[in-house]
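A closer look at the structure
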Amino acid sequence: ALVMVGVCIVFTPLIALMKDQVDHLRQKGIRAAAIYSGMSRSEIVATLENCIFGGVKLLYISPERLASDFFKIKLRHMKVSFITVDEAHCISQWGYDFRPAYLKISEIRKLKPAPVLALTATATAKVIDDIQTQLAFEQKNVFRMSYERKNLAYIVRKTNDKISELIHILSRINGSAIVY
């Protein structure tokens, strides 16, 4: 996205995820922006104009944004380098019922033919195939990485006093933790 001419449009399901990714990219000096509900019309117009005139390299939006005629008009004037679908399993697993707008993402390819990258960490072979079908991939193509992450540790503990054990564990951890 950074070396190509134009803007990369990133579809992502959650506003919090958009804001977090845009904040981190901007801290690194990368021109990123997001459009989400709650923004004023003037903020949306300014963001889209920045995309048109080269001020934004990565634009984060929800798939529902494609239903906006105003967005589609502005999109026609953008140079789109490529399209990314984050949490792409939403297309298959939840898209049919929970977020039907995910099923319409492939329509952007008619407006702006560009390479598409679909990303997910949680997809079965059937879901991967469905994602590629829903996004109108001309050719099936999957890059897969191992689930093993060297920066993560998994520990299972059994206890009768969950709160005390949780406090004990978290008080000894530097950094982040996720507890299930």
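Described below are features of the structure shown in this document. Because the structure is a prediction, the values reported are computed rather than measured. For every chain, the first residue of the written sequence is number 1, and numbering continues from 1 along that sequence. With the structure being a predicted model, the display of local features is reserved for residues of pLDDT at least 70 and the display and counting of side-chain atom pairs for 80 or more, all residues being used for whole-chain, interface and lining totals. For side-chain calculations, the full set of non-hydrogen atoms in the structure is used, while hydrogens and water are omitted.

**Some thoughts on the packing of aromatic side chains**
Two rings belonging to Phe, Tyr or Trp (six-membered ring only in the last case) form a pair when the distance between their centres is within 6.5 Å. Interplanar angles under 30 degrees mark stacking, angles over 60 mark edge-to-face geometry, and anything in between is tilted. Taken as a whole and judged by the stated rule, the model has 0 aromatic pairs. Geometry around F70 places R41 over its ring, the cationic atom sitting 4.3 Å from the centre. As a reminder, the over-ring test applies to NZ of lysine and CZ of arginine, requiring each to be within 6 Å of the ring centre and within 35 degrees of the ring normal.

**Side note on a nonpolar patch on the surface**
Patches here are clusters of residues that have more than 30% relative accessible area and form no salt bridge, with a 9 Å joining cutoff for like charges and a 5 Å cutoff for nonpolar side chains (Val, Leu, Ile, Met, Phe, Trp, Tyr). In these tables, accessible area is a Shrake-Rupley quantity obtained with a 1.4 Å probe, and a residue counts as shielded only by the protein chains included in the view. Each reported salt bridge corresponds to a side-chain nitrogen of Lys or Arg within 4 Å of a carboxyl oxygen of Asp or Glu. Together, L166, L170, I173 and V179 make up an exposed nonpolar region whose accessible area comes to about 300 Å². Looking at the element boundaries, V179 is found in the segment after α7 (162-170). Secondary structure follows DSSP: runs of H or I at least 4 residues long count as helices, runs of E at least 2 residues long count as strands, and numbering of each begins at the N terminus.

**Regarding the nonpolar core**
Residues grouped as a nonpolar core are buried Ala, Val, Leu, Ile, Met, Phe, Trp, Tyr and Cys residues, joined through side-chain atoms within 4.5 Å. Residue burial is assigned from relative accessible area. The probe radius is 1.4 Å, only protein chains are included, and a residue is buried under 20% of its type maximum, exposed over 50%, and partly exposed in between. Counting 33 residues, the largest nonpolar core has F11, L59, M78, V80 and V85 as the members making the most contacts within it. Those elements giving two or more residues to this core turn out to be β1 (7-11), α2 (41-52), β3 (58-61), α3 (69-76), β4 (80-85), α4 (89-94) and α6 (125-134). The contact criterion used throughout is that any non-hydrogen atoms of two residues lie within 4.5 Å. Dropping the residues within four chain positions of it, M78 is found in contact with V7, L48, C51, I52, L59 and K112. Counting residues in each nonpolar core, the second largest holds 11 residues, with L25, I30, A34 and L58 among its members.

**Considering unusual backbone geometry**
Residues other than glycine seldom take positive phi values, yet E87 does so here, at roughly 55°. Among the structural elements, E87 can be located in the loop between β4 and α4. Accessibility expressed as a relative area gives 28% for E87, which makes it partly exposed.

**As for the sheet that holds strand β2 (residues 32-34)**
Two strands pair if DSSP finds at least two bridges between them. Overall, parallel pairing links the 5 strands, which are arranged β2-β3-β1-β4-β5 in an open sheet. Single-partner strands in this sheet number two, and they are β2 and β5 (116-118). Pairwise comparison of adjacent strand axes, ignoring direction, gives a mean angle of 20° for this sheet. Pairing between β2 and β3: 3 bridges, direction parallel. Within β3, the position partnered with A33 by the bridge is L59. Fitted lines through C-alpha atoms give the axes, limited to the stretch in contact for helices. The angle between two N-to-C directions lies from 0 to 180 degrees.

**Quick look at the side chain of S106**
Topologically, S106 is positioned in the loop between α4 and α5 (108-111). Residue classification places S106 among the buried positions, given a relative accessible area of 18%. N or O atoms closer than or at 3.5 Å make up a polar contact, with two conditions inside protein: a donor-capable atom paired with an acceptor-capable one, and, for residues adjacent in sequence, both atoms drawn from side chains. Here Q134 takes part through its backbone oxygen, which lies 3.4 Å from a polar atom of the side chain of S106. Setting aside chain neighbours within four positions, we find S106 in contact with Q134, L135 and A136.

**Regarding the environment of S42**
Residue position: S42 is located in helix α2. By relative accessible area, which is 54% here, S42 ends up exposed.

Worth remembering: the numbers are spatial, not functional.
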